[in-house]
Amino acid sequence: MLETAHHDPVFPCRLPMTPLSECPRALLANVAGVLTDIDETVSTHGRLTADAYQAIAALHAAGLRVIPVTGRPAGWCDHIARFWPVDAVVGENGAFWMWQDRAAGKLRTRFIQSAGERAEGRRRLEAVREQVMREVPGAGIASDQAYRVADLAVDFCEDVPPLSPAEVRRILEIFRHHGAHAKASSIHVNGWFGDYDKLATSRLMMPDLFGVDLEAERARWIFCGDSPNDAPMFGYFPNAVGVANVRDFEGDMDHLPRWITTARSGAGFVELAEALLVARR
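In short, a report on the structure. It should be emphasised that the depicted structure is a prediction, and the values quoted were computed from it without experimental measurement.

For the rest of this paragraph, the subject is the pattern of salt bridges. If you walk through the whole model with that rule in mind, you get 20 salt bridges. The residue D144 makes a salt bridge to R148 at a minimum N-O spacing of 3.0 Å. A relative accessible area of 1% means that D144 is categorised as buried. Overall, R148 belongs to the buried group, its relative accessible area being 8%. Two residues, D230 and K198, come together in a salt bridge whose shortest N-O distance is 2.7 Å.

With that out of the way, let us pick up the environment of V168. Positionally, V168 belongs in helix 5 (residues 165-177). The exposure class assigned to V168 is buried, which follows from its relative accessible area of 12%. Residues V168 and H188 lie 20 residues apart in sequence; the distance between their C-alpha atoms is 8.9 Å. Ignoring any residue separated from it by four or fewer positions in sequence, one finds V168 in contact with F156, L163, A184 and V189.

Moving on to the state of the cysteines. The tally for this structure, following the rule as stated, stands at 0 disulfides. Among the cysteines around C23, which has no disulfide bond, C224 carries the closest sulfur, lying 12 Å off. The thiol of C77 is not disulfide-bonded; the next cysteine sulfur, from C224, is found 17 Å away. In this structure C77 comes out as buried when scored by relative accessible area, which is 0%.

With that settled, the discussion passes to the packing of helix 4 (residues 115-135) against helix 5. For the pair helix 4 and helix 5, the least separation of the axes is 10 Å and the interaxial angle reads 150°. With respect to helix 5, the element helix 4 is oriented roughly antiparallel. The handedness of the crossing between helix 4 and helix 5 comes out as right-handed. The residues of helix 5 that touch helix 4, namely those facing L125, V128, Q131, V132 and E135, are R170, I171, I174, F175 and H177. Within the contact of helix 4 with helix 5, the residues separate by chemical class into 6 nonpolar, 2 polar and 2 charged.

Calculation notes
- Residues numbered from 1 in each chain as written.
- Predicted model: local features only at pLDDT ≥ 70, side-chain atom pairs only at ≥ 80, totals over all residues.
- Heavy atoms only, no water.
- Salt bridge = Lys/Arg side-chain N within 4 Å of Asp/Glu carboxyl O.
- Buried < 20%, exposed > 50% of the residue type's maximum accessible area, 1.4 Å probe, protein only.
- Helix = DSSP H or I, 4+ residues; strand = E, 2+ residues; numbered from the N terminus.
- Contact = heavy atoms within 4.5 Å.
- Disulfide = S-S within 2.5 Å.
- Axes fitted to C-alpha atoms, helices over the stretch in contact; angles between N-to-C directions.
- Parallel < 35°, antiparallel > 145°, perpendicular 65-115°, else oblique.
- Left-handed = near helix turned anticlockwise from the far one by under 90°.
- Nonpolar A, V, L, I, M, F, W, Y, C, P; charged D, E, K, R; others polar.

This is the structure in structure tokens:
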């Protein structure tokens, strides 16, 4: 079990987002790595395009660290850490981080909570599941739920007909009524018991795994995302980038990214990668 890091975003931003094309080349050339959401940030309409995957590979090959920070489950993160050209992955909105230990030839995982705490959280989430299914009939349990170790993911548009904003808000309210943390992504509402999120776990991981003092170096790291569960990351990283579809959620976030791409989803991530690579050349 790890002690979670409490955080107050130092760069709260509700200023208009600036086109990435206007970002100074020197700033981009100084970037050490990219932390990125996956769904509708790297993926496009639920698919990982060849161009987006190649963008990840190109960044990694150029010497930048690449770290997906996602709400997706442990089962997916096992695959991502093993097979994608990435340095680590934060999963289930901060429940753990995974990385492939190349020297030892094995996958390693650091959980934020103990096994007992995770089991108790899953038990308590059963009451949330029952109430959501009873009160929001169009909602579904995410198809990847079987591969999760800590949270409950409620599907509101991935494999079910899209729910209304009011229905999504009701799902969030049910989680919070039970005392759980809850965040909406572009496809799911994720809820969990535990004092962590994407940002808190990223801040723990960086010095532990990479020896990076993120507090001192945050301007050299870019976070790329698209939806409300990315807002803490947008608030912390002064050079955060939103893919263009972040505008779909602009009114639902306390913190917005400083920069925004022209293209949506995976094409927007490719746009960011190309800007970083051109600046380094």
